[in-house]
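Descriptive analysis of the structure
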2 protein chains.
Amino acid sequence: MEQLSERKLKILQAIVANYLETGEPVGSRTISKYTDLNLSSATIRNEMADLEESGYIEQPHTSAGRIPTDAGYRVYVDQLMQERDNEVEEMRQEREGLLERVDRMEVMLKQVAKVLAYNTNYAAMIAAPKNQEIRVKFIQLTMVDDSHILAVIVVDGNVIKNQLIPVEEPLANDEVLKLSILMNSFLQGASLTDINIEMIQTMKVQAGVYADVLDRILSGVVEAVKAADERQIYTSGATNILKYPEIGDVEKTSILLEAFEEKQMLNELVEETLNSNEKGIQVYIGNEAPTQNMKDLSVVTATYELQDGAKGTIGIIGPKRMDYKKVVSTLKELTVELDEIFNKKD
Amino acid sequence: MEQLSERKLKILQAIVANYLETGEPVGSRTISKYTDLNLSSATIRNEMADLEESGYIEQPHTSAGRIPTDAGYRVYVDQLMQERDNEVEEMRQEREGLLERVDRMEVMLKQVAKVLAYNTNYAAMIAAPKNQEIRVKFIQLTMVDDSHILAVIVVDGNVIKNQLIPVEEPLANDEVLKLSILMNSFLQGASLTDINIEMIQTMKVQAGVYADVLDRILSGVVEAVKAADERQIYTSGATNILKYPEIGDVEKTSILLEAFEEKQMLNELVEETLNSNEKGIQVYIGNEAPTQNMKDLSVVTATYELQDGAKGTIGIIGPKRMDYKKVVSTLKELTVELDEIFNKKD
DNA sequence: GTTAGCACTCAGAATAAATGAGTGCTAATA
DNA sequence: TATTAGCACTCATTTATTCTGAGTGCTAAC
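This section reports on the structure supplied with the text.

Some words on the overall build of chain A
Counting its regular elements, chain A contains 12 helices and 10 strands. The C-alpha radius of gyration of chain A comes to 27 Å, more than 25% above the 20 Å expected for a compact globule of 346 residues. Sorting the 346 residues of chain A into buried and exposed places 51% on the buried side. If you take every contact in chain A between residues at least 6 apart in sequence, the share linking residues at least 24 apart comes to 62%.

Some points on the interface of chain A and chain B
With 34 residues of chain A at the interface, the matching set in chain B holds 34 residues. Here chain A and chain B share an interface that buries about 2,800 Å² over both sides, 54% of which is from carbon and sulfur atoms. Applying the counting criterion to the chain A and chain B interface returns 2 salt bridges. One can count 4 residue pairs in polar contact (both at pLDDT 80 or more) joining chain A with chain B. Breaking the side of chain A that touches chain B down by element, the ones donating at least two residues are β4 (136-145), β5 (148-155), β6 (159-166), β7 (233-236) and α10 (250-262) of chain A. A total of 7 residues in the side of chain A that touches chain B trace back to one element, the largest contributor, which is β4(A). A breakdown of the residues in the side of chain A that touches chain B according to their chemical character gives 12 nonpolar, 11 polar and 11 charged.

Observations regarding the pairing of strand β10 (residues 311-319) of chain B
Look at any regular strand and the pattern is simple: side chains alternate between the two faces of the sheet. Residues and elements named next belong to chain B. Burial of β10 is extensive: 8 of the 9 residues sit out of reach of the surface. Across 6 bridges, the pairing between strand β3 (residues 123-130) and β10 is antiparallel. Residue pairing for β10: K130 is matched across the bridge by K311. Looking at chain direction, strand β9 (residues 297-305) and β10 are connected through 9 bridges and run antiparallel. Paired with E305 across the bridge in β10 is K311.

With respect to the sheet that holds strand β7 (residues 233-236) of chain B
Residues and elements named next belong to chain B. Spatially, β7-β3-β10-β9-β8 is the arrangement adopted by the 5 strands of the open sheet, whose pairing is antiparallel. Strands at the two margins of the open sheet, each flanked by one partner only, are β7 and β8 (282-285). Recorded for the sheet is a direction-independent mean angle of 15° between the axes of neighbouring strands.

Quick look at the protein's contact with DNA strand D
Near DNA strand D there are 21 residues, and of these A:R7, A:S40, A:T43, A:S63 and B:S28 occur at the shortest range. Among the atoms of DNA strand D close to the protein, meaning within 4 Å, 78% are from sugar or phosphate groups. In the environment of DNA strand D, a base oxygen lies 3.2 Å from a nitrogen or oxygen atom belonging to the side chain of A:S63. In this structure, a sugar or linking oxygen belonging to DNA strand D sits 3.4 Å away from a main-chain N or O atom of B:S63. Counting residues per element, the ones that place at least two in the surface near DNA strand D are α3 (41-54) of chain A together with α3 (41-53) of chain B. Looking at which element gives the most residues to the surface near DNA strand D, the answer is α3(A), with 4 residues.

Describing unusual backbone geometry
Most peptide bonds adopt trans geometry, and most residues besides glycine take a negative phi value. Of note in this structure, A:K263 is not a glycine but carries a positive phi near 75°. Following the sequence through the fold, A:K263 ends up in the loop between α10 and α11 (264-275). Despite not being glycine, B:N38 shows a phi value in the positive range, around 55°. Mapped onto the secondary structure, B:N38 falls in the loop between α2 (28-34) and α3. Overall, the relative accessible area of 73% leaves B:N38 in the exposed class.

Conventions we followed
- Residues numbered from 1 in each chain as written.
- Chains lettered and ligands numbered in written order.
- Predicted model: local features only at pLDDT ≥ 70, side-chain atom pairs only at ≥ 80, totals over all residues.
- Heavy atoms only, no water.
- Helix = DSSP H or I, 4+ residues; strand = E, 2+ residues; numbered from the N terminus.
- Rg over C-alpha atoms; globule rule 2.2 N^0.38 Å.
- Buried < 20%, exposed > 50% of the residue type's maximum accessible area, 1.4 Å probe, protein only.
- Contact = heavy atoms within 4.5 Å.
- Buried area = accessible area lost by both parts, 1.4 Å probe.
- Salt bridge = Lys/Arg side-chain N within 4 Å of Asp/Glu carboxyl O.
- Polar contact = N/O pair within 3.5 Å; in protein donor to acceptor, adjacent residues only side chain to side chain.
- Nonpolar A, V, L, I, M, F, W, Y, C, P; charged D, E, K, R; others polar.
- Pairing = 2+ DSSP bridges.
- Axes fitted to C-alpha atoms, helices over the stretch in contact; angles between N-to-C directions.
- Near = heavy atom within 4 Å.

The following block contains the structure:
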C-alpha cells in the first residue's frame with residue numbers, strides 16, 4: 001500500500017473513529033464538519049474516492065457512506081491510535097479494589113475476566129499461565145478414612161491435585177509412609193515423558209501387595225500432570241457479543257457463543273498468541289485472527305508472564321467496530337497489574 | 001377448574017402435542033385430521049371454544065389457531081403425558097459410555113450437564129450435592145518448598161481444598177508436625193459455627209511463634225469450609241436458548257443468558273427445588289418458576305441424593321414449548337443413574 | 001349431537017411509493 | 001492547481017397499501 005498523505009490519514013482516522021462510535025457508514029458531509037480540516041464535503045469526497053481506491057475504506061452500497069476495510073482498521077490501529085485517555089484511568093481505579101486480596105489463582109483469573117468483560121462490554125478471556133514441561137514436585141499420601149487414601153500431588157507452578165483412592169481395607173500408617181517414600185523417590189522431578197513402563201514395573205515390584213493401590217495413585221499422578229498441562233481458560237461476558245447486531249444473524253452468533261462455551265477455539269487463539277514472537281499487545285482484525293468464524297470480529301490479546309517464565313494470555317473479543325483505543329490501553333494496564341500481582345506473591 | 005370430558009382431554013392433548021412439535025398455533029382442521037376421534041373440524045371448534053373458556057388454550061389473535069395456556073400445559077404435564085419412549089432409551093445407551101470412569105465429581109457433573117444439554121437441545125444445569133452442615137474432617141500440613149506450607153483440608157463429603165501458605169523461612173519437620181497435630185485436635189469435626197474466637201485464641205497461644213502461620217492456615221480452613229458450603233452449579237448449552245425464537249427479542253435473551261452466566265438465578269431455583277417437599281421431578285411452567293425472567297420459559301428439575309443425605313439438583317431450562325415427555329423421562333433416568341454412580345463409589 | 005357452509009377477521013407476505021443520505025461529476029472559483 | 005458549489009442520480013430504508021389464506025364463529029340442515 002502506498003504512502004498516504006497527512007490529510008488522507010486524518011480523514012481515514014476521522015472515518016474510523018466515527019464509525020467506531022456510531023456503527024453507521026460515514027458520509028463526506030459528516031467528516032467535513034467533524035474534523036478541523038475545514039474542507040468542504042466535495043473535497044472530502046474526492047479524497048475518500050482515493051482512499052477507497054487504495055483499499056482502506058469501502059461502501060456497503062452505492063449511495064451509502066464509507067466504512068473501514070480491515071486494512072483501514074489496521075492503519076488506524078498501527079498509526080493513528082492515541083495513547084490512553086482518562087476513561088481508562090478511571091477504570092483502573094475501579095479495578096483496584098476488585099483485584100486485591102484474591103489469593104487463589106483460579107478465583108483471581110475468573111475475577112479478571114469478569115472485570116474485563118464488564119469494563120469493556122466485550123467478551124473477555126484469560127488463559128492461565130503454563131510452564132513448558134510440567135514436573136512432579138511432590139506426592140503425599142494419607143489415609144483419610146477407613147476406605148480412602150488421599151493422594152495430594154503437587155506439580156510445577158504449585159498446581160495441586162487431589163486424588164481420592166478407594167481401598168478395600170485400611171492401610172497401616174507405616175505402610176502408607178513406605179508407599180509415599182517409594183513414590184516420591186521415583187517420581188520427584190519426573191515429567192510425563194519420564195514416567196515409562198519400566199519405571200512403573202520397578203515401582204510395582206517394590207510396592208508388593210500394594211501394587212494396585214500404587215497403580216491407581218499413578219494414574220492419578222498422570223492425570224494431575226496432564227491437568228496442569230492443560231491450559232485453563234476462563235471467560236466472561238460472552239453474551240456481550242449479542243450487543244453488537246452487526247455480527248450477523250442469530251445463527252452466526254449462536255455458533256460463536258457455542259465456540260466460546262467449548263473454548264476449543266480460544267485455545268487455538270492462545271497458542272497462536274504465545275507462539276507468535278511479537279511481544280505485548282496484538283490486534284487481529286477480522287480474518288487476521290488465527291481461527292475460524294472470526295470474519296466479523298476482532299481480537300485483541302496481551303501476554304503476561306510469571307517469574308518462572310510461565311506465560312498466559314488475556315484477550316478481548318468483540319466486533320470489528322471495537323473501541324481499540326480503550327481495549328488496548330485497558331489490556332496494557334492489566335498486564336502490568338497482573339505482572340505485579342503475580343511476581344509479588346510468587 | 002372443572003373436570004374435563006374424556007374427549008376434551010384428548011383434544012387438549014392433541015393441541016399441546018401438536019404445538020410442541022410445530023410451534024405454530026393449532027387449528028381445528030389439523031386436530032380433526034391429526035387425531036383418531038373422527039370428528040369434523042366444526043365439532044372440534046365447538047370443543048375448542050369450551051376449552052378456551054375454561055382457560056386451557058387461547059388464541060394469539062382472532063383468526064389464528066389455539067395455543068396452550070400455562071394451565072393447559074399443566075394439565076398436559078400432569079395427566080396426559082405418556083411414559084418414556086424409545087428415543088429416550090437410545091440416548092440412555094449413548095450416555096452409558098460417557099458417564100463411566102469419570103471419577104472426579106466436578107468433572108463428572110460438568111460432563112452430565114454437557115450430555116444433558118446435548119441430548120435435549122435445551123439449557124442444562126446441575127447443582128453439586130451439598131451437606132447440611134459441613135465439618136472439618138482432617139487437616140494436613142507439609143512443607144512443599146522452602147517458602148511454602150501446603151495445607152490440605154478435607155471436609156465432609158470428601159471435598160478437598162488446598163491452601164498454599166507462604167512463610168518467611170522453612171519450618172523444621174517436627175514443627176510442622178506439631179502444628180498439624182495442634183490444628184487437628186482442635187478442628188476435627190468442627191463446623192463453621194464451632195470455630196469461635198476463643199478456640200482461635202487458645203490455638204494461637206499453643207502455636208507460639210507460629211501463631212501467624214496458624215492464623216493463615218485457619219483462614220484457609222474457613223475458606224475451604226465456606227467453599228464446600230457454597231453450592232457449585234455447572235451449566236451447559238445455554239446457547240441452546242437461542243434456538244427457540246419465541247423466547248423474544250435479543251434483549252430478553254441476552255438478559256437470560258447473562259443470568260445463566262452469573263448463576264445467581266439458578267441458585268434460587270435450586271434452593272427452591274430442594275426446599276419444596278415434592279420428591280422427584282418438578283415442572284415449572286412459565287410464571288410458576290420461582291425466579292424472575294422466566295415468563296416464556298419452563299423449568300424441569302429433578303433431585304438426586306447421596307447416601308449421606310447430601311442433595312443436588314439437575315435441571316433443564318427451555319421454552320414453554322418444551323418436549324416435556326422427553327425431558328421428564330431423561331431426567332428420571334439420569335437421577336437413577338446418578339444415584340447409582342454416587343452411591344456405588346461413595 | 002354432529003356437520004356442512006359461509007361470512008368474517010386479521011397477521012403476515014407481497015408490492016408499491018416516498019424519503020433522504022450520500023455519491024460522482026462538472027463547471028465555476030480562488 | 002486545488003477547492004468548492006451545484007445537481008442529477010442511486011439505492012437502502014421506511015411507510016403505506018393491497019393481497020392472501022388460515023382459521024374462526026355462527027347458522028341451518030342432517
